[in-house]
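# Structure assessment
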Amino acid sequence: MSSLSVITPFDVETIRQDFPALHQMVHGKPLVYFDNAATSQKPSLVIDRIRKYYERDNSNIHRGVHYLSQQATEMYEEARKKIQTLINARQSYEVLFTKGTTEGINLIAYSFGQKWIKPGDEIIVSALEHHSNIVPWQMMCERTGAQLRVIPMNDAAELDMEAYAGLLNERTRLVATVWISNALGTINPVAEMIRMAHERNIPVMLDGAQALPHMQVDVQALDVDFLTFSGHKMFGPTGIGVLYGKEKWLEEMPPFMGGGDMIEKVSFEKTTYNELPHKFEAGTPHIEGGIGLGAAVDYIQSIGYEAIGKWEADLLQYGTEQLLTHFDDIRIVGTAAHKASVISFLVGDIHPYDTGTILDQLGIAVRTGHHCTQPIMTRLGIPGTVRASFAFYNTREEIDRMISGIRQVKKMFKS
Ligand code: PLP
């Protein structure tokens, strides 16, 4: 039995009723969904709002005088305002809709790079990045002649802040770092990192893909310059995400893509661009995605980040304790002092893929592999991990099911 007290900040069983996908059988067993860092399940509120959009409000936005177009435009722009409120952006036009975190980072790498990066300049990323916060910068470096610098980490997967201080210099043009590691759960000390960069007038971009599902974000309090995140990881639809940028940067940056909606005036000789946020939103956007993300924001706020944080901290502690209590050959990979509800682990010498495959047969969805973070795995000298990532709709009972699943894995592999 666990020594932990049971925390019931909200009624998890009632919350689970809001998520239809959680109530299904997989391989004849009730589903345990522990792959939330890859994508989260969606509440009925989000599904219903998208359905309603297509049944009633479907129309292209921003250009129509007719009723449906105005309705759809209003709903889409209302969603932008909801996100503005959620992250406490100063202006709604500092909230740009993108396809997701990946597109947001590519937009900055292209646009910021084109405007301000020259040969010999440096961009700092961390050892904990997802590939989507490495590759766009490498591509930018190839285009501009800039160099990538990497903040190293220790064996617990915490960033070396002294090394970071040493990397900041007069050639640094931007710090682009992950806030919470999707692979290992480390929460980076981003407030401190931003403060240190700003002392040298260096702007900072945060990859917030794993932050928004778990914690309150206040871009003004952090004074962060750019923040990217994805709708599908925060209980909203796929194919929609957000890039927040301070007005002073976005105003100066050239557009990323050209096309409809991002223009003010077009002739064959010259085109002038639309104002923010439209300058960065070429073409027909993911209208129902934006509206669905607005509904996801409503849903998150109806529960509240404080309750979410408490519940998930309990799951993290309980899960870690149960794994270490029940098995003497479990290795938890990533033991940072500050972690989100992600547990990456290895069972003896059993390959993560084998563990994941057997757990799947028992209805338990975990992710296995390098989690799009190959440099982390290389640094730790492992091929990958098994990753259980929890959302607020997960329970201790589900963790117990994973523990008995791992027992079966060990039996099969005689580990
Ligand atoms: N950054 C982090 C930390 C992530 O976890 C992910 C997705 O797993 C991404 C970036 C990329 O997000 P997306 O695929 O939604 O663009």
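Residues numbered from 1 in each chain as written. Predicted model: local features only at pLDDT ≥ 70, side-chain atom pairs only at ≥ 80, totals over all residues. Heavy atoms only, no water.

Inspection of the secondary structure puts arginine 195 in helix H7 (residues 190-198). Of the polar contacts made by the side chain of arginine 195, one reaches the side chain of glutamate 192; its length is 3.1 Å. Polar side-chain contacts of arginine 195 include one of 2.5 Å to the side chain of glutamate 199. (Helix = DSSP H or I, 4+ residues; strand = E, 2+ residues; numbered from the N terminus. Polar contact = N/O pair within 3.5 Å; in protein donor to acceptor, adjacent residues only side chain to side chain.)

In this section: the site of the ligand. Around the ligand sit 13 residues in total, of which Thr102, Asp207, Gln210, Ser230 and Lys233 are the nearest. At 2.5 Å from a nitrogen atom of the ligand is found a side-chain nitrogen or oxygen belonging to aspartate 207. Lysine 233 is positioned with one of its side-chain polar atoms (N or O) 2.5 Å from an oxygen atom of the ligand. Within the complex, 85% of the 390 Å² of free accessible area of the ligand lies under protein. In terms of residue class, the shell around the ligand is built from two nonpolar, nine polar and two charged. (Near = heavy atom within 4 Å. Areas by Shrake-Rupley, 256 points an atom, 1.4 Å probe, with all protein chains shown as cover. Nonpolar A, V, L, I, M, F, W, Y, C, P; charged D, E, K, R; others polar.)

Our next topic: the packing of helix H3 (residues 67-87) against helix H10 (residues 287-303). Between H3 and H10, the least distance of the axes is 8 Å, while the angle of their chain directions is 40 degrees. With respect to H10, the element H3 is oriented oblique. Every pair of crossing elements has a handedness; the one defined by H3 and H10 is left-handed. Only Ile287, Gly290, Ile291, Leu293, Gly294, Val297, Asp298 and Gln301 of H10 make contact with H3, whose side of the interface consists of Ala72, Met75, Tyr76, Ala79, Lys82, Ile83 and Leu86. Taken together, the residues of the contact of H3 with H10 sort by class into ten nonpolar, three polar and two charged. (Axes fitted to C-alpha atoms, helices over the stretch in contact; angles between N-to-C directions. Parallel < 35°, antiparallel > 145°, perpendicular 65-115°, else oblique. Left-handed = near helix turned anticlockwise from the far one by under 90°. Contact = heavy atoms within 4.5 Å.)

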